[in-house]
Amino acid sequence: AIQFTVTFPSDNPIDYAAIGIGISNTSSMSGLDIYAFDSNSSDVMDFNIASGNGKPTVADTQQDGLFVSLNAITNLTTIVFYRRIETLDLNDVPIVFGNSLIFAFAFGEGSVWGTVDPWKQHTDRGSVNLTIADCQQTSVPQTVSPSDAPTSVPTEVPTPAPPSFTPCSSIVSVPTGINDFDINYEVGVDELTNPAIQFTVTFPSDNPIDYAAIGIGISNTSSMSGLDIYAFDSNSSDVMDFNIASGNGKPTVADTQQDGLFVSLNSITNLTTIVFYRKLDTGDVNDVVIRFNDSMILGVAYGEGSVWDPQDPWQQHVERAALNITFSECAQTNVPDTQPPTVAPTASPSSFTPCSSSVSVPTGI
């Protein structure tokens, strides 16, 4: 599969923008496999392959654009979604590794879903030639031959479910009071149906070399002491989980059990957006347990420097805030299954696990 992170202008706070991404082996709109979305809706619309120019109108009966996250701030929206290389849908273009394809894009005002304010003709568009490379480890099964199994018949090792987050709530915005520093969160479950919370954080990254570092803490205290801190910077696609802080000052002791699960990162001029999640109760004594309906403190801060690079270490924050927050439970979270054993098994939630580094596609817009 391939996961896309798209940042586009959304200057109108009511209508916002719409983006269409198409992957095609032609050089015109005809033949494009289009995925559209807008900054008002946490979803992706997969359309039938276009037969000509004009606004797509026929939604694909098999929706293969799988939504991950959306974050809208002043004038910009970032959405993350993925699709399989081969969706087995006649109305989708299969992506072939190593083949040159056309990657088309456009944006304009209006809503993909709204009938009162429908999306209008694009205000800007473009296309680039793109060749997508295969990861070396893609489609390579793990096998083992146990002593009690015939040596000529290797037994496949069961692959554990990859980390994933499935929301059960709408996106909640947490005003920080800091310019260009925005936090959204969703309540849901992980791949094992443990209650979890996913954070989408956008923060200033004015220095293109050092960028910024952010620390997020969840605590039931009102000072830095007791904060359970997760830090990250715009140079690294990862999250650092630190032990609970015992006082003020830069965290230095990384938790031996890393419970901040990275989803995506997108850096553009002066702004970085990262998405990660953690379980409410990680089972780790070095993490604060998040309890629904309890008043807690969300501590936020940012500054220059790298969380990981010792040659350019993160410096004291240039801005910080402490926010009161109460997380609400979804109706279906922690509800035991009381159905009889004949109930159909629950399908695994949609998830994407990368096997390559992030690749930037310059649009010229």
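Nothing here was measured: the structure is a model prediction, and the numbers come from that model. (Residues numbered from 1 in each chain as written. Predicted model: local features only at pLDDT ≥ 70, side-chain atom pairs only at ≥ 80, totals over all residues. Heavy atoms only, no water.)

Notes on the overall build of the protein chain
When its secondary structure is counted, the protein chain shows zero helices and 21 strands. Out of the 365 residues in the protein chain, the part that is buried amounts to 43%. Of the contacts made within the protein chain by residues no fewer than 6 positions apart, 57% connect residues no fewer than 24 positions apart. Carbon and sulfur atoms make up 51% of the accessible area of the protein chain, which amounts to about 19200 Å² in all. (Helix = DSSP H or I, 4+ residues; strand = E, 2+ residues; numbered from the N terminus. Buried < 20%, exposed > 50% of the residue type's maximum accessible area, 1.4 Å probe, protein only. Contact = heavy atoms within 4.5 Å. Areas by Shrake-Rupley, 256 points an atom, 1.4 Å probe, with all protein chains shown as cover.)

Here's the deal with the pattern of salt bridges
Under the defined criterion, the tally for this structure stands at two salt bridges. Note that Arg 83 and Asp 33 form a salt bridge whose closest N and O atoms lie 2.9 Å from each other. With Arg 83 in strand β6 (residues 75–83) and Asp 33 in strand β3 (residues 33–38), the pair connects residues that are 50 residues apart, well separated along the chain. Note on accessibility: Arg 83 and Asp 33 belong to one class, buried. Here Asp 228 ties to Arg 278 by a salt bridge, and the two come within 2.9 Å at their closest N and O atoms. You can see Asp 228 sitting in strand β16 (residues 228–233) and its partner Arg 278 sitting in strand β19 (residues 270–279), a full 50 residues away along the chain. On the basis of relative accessible area, Arg 278 is assigned to the buried category, the value being 1%. (Salt bridge = Lys/Arg side-chain N within 4 Å of Asp/Glu carboxyl O.)

Considering the confidence of the model for the protein chain
Per-residue pLDDT for the protein chain averages 77, and the proportion of residues at 70 or more is 81%. This stretch, residues 137–155, has a pLDDT under 50; its non-local contacts, to residues over four places away or in other chains, come to 15 contacts. Considering only residues more than four positions removed or in separate chains, one finds that residues 332–347, a stretch of pLDDT under 50, has seven contacts. (pLDDT = per-residue confidence, 0-100.)

With respect to the side chain of Asp 33
Judged by its relative accessible area of 0%, Asp 33 falls in the buried class. One polar contact links Asp 33 to Arg 83, side chain to side chain, over a distance of 2.9 Å. (Polar contact = N/O pair within 3.5 Å; in protein donor to acceptor, adjacent residues only side chain to side chain.)

Some remarks on the packing of aromatic side chains
Tallied over the full model, the rule gives 16 aromatic pairs. Here Tyr 185 and Phe 327 contribute two aromatic rings whose centre-to-centre distance is 4.8 Å and whose plane-to-plane angle is 75°, an arrangement assigned as edge-to-face. You can see Tyr 185 sitting in strand β13 (residues 182–190) and its partner Phe 327 sitting in the segment after β21 (319–326), a full 142 residues away along the chain. For the residue pair Tyr 185 and Phe 327, the accessibility class agrees, reading buried in each case. Aromatic side chains Phe 232 and Phe 276 sit 5.5 Å apart centroid to centroid with 55° between the ring planes, which places their arrangement in the tilted category. Of this pair, Phe 232 sits in strand β16 while Phe 276 sits in strand β19; the two residues are 44 residues apart in sequence, bridging distant segments of the chain. (Phe/Tyr/Trp six-rings, centres within 6.5 Å; stacked < 30°, edge-to-face > 60°.)

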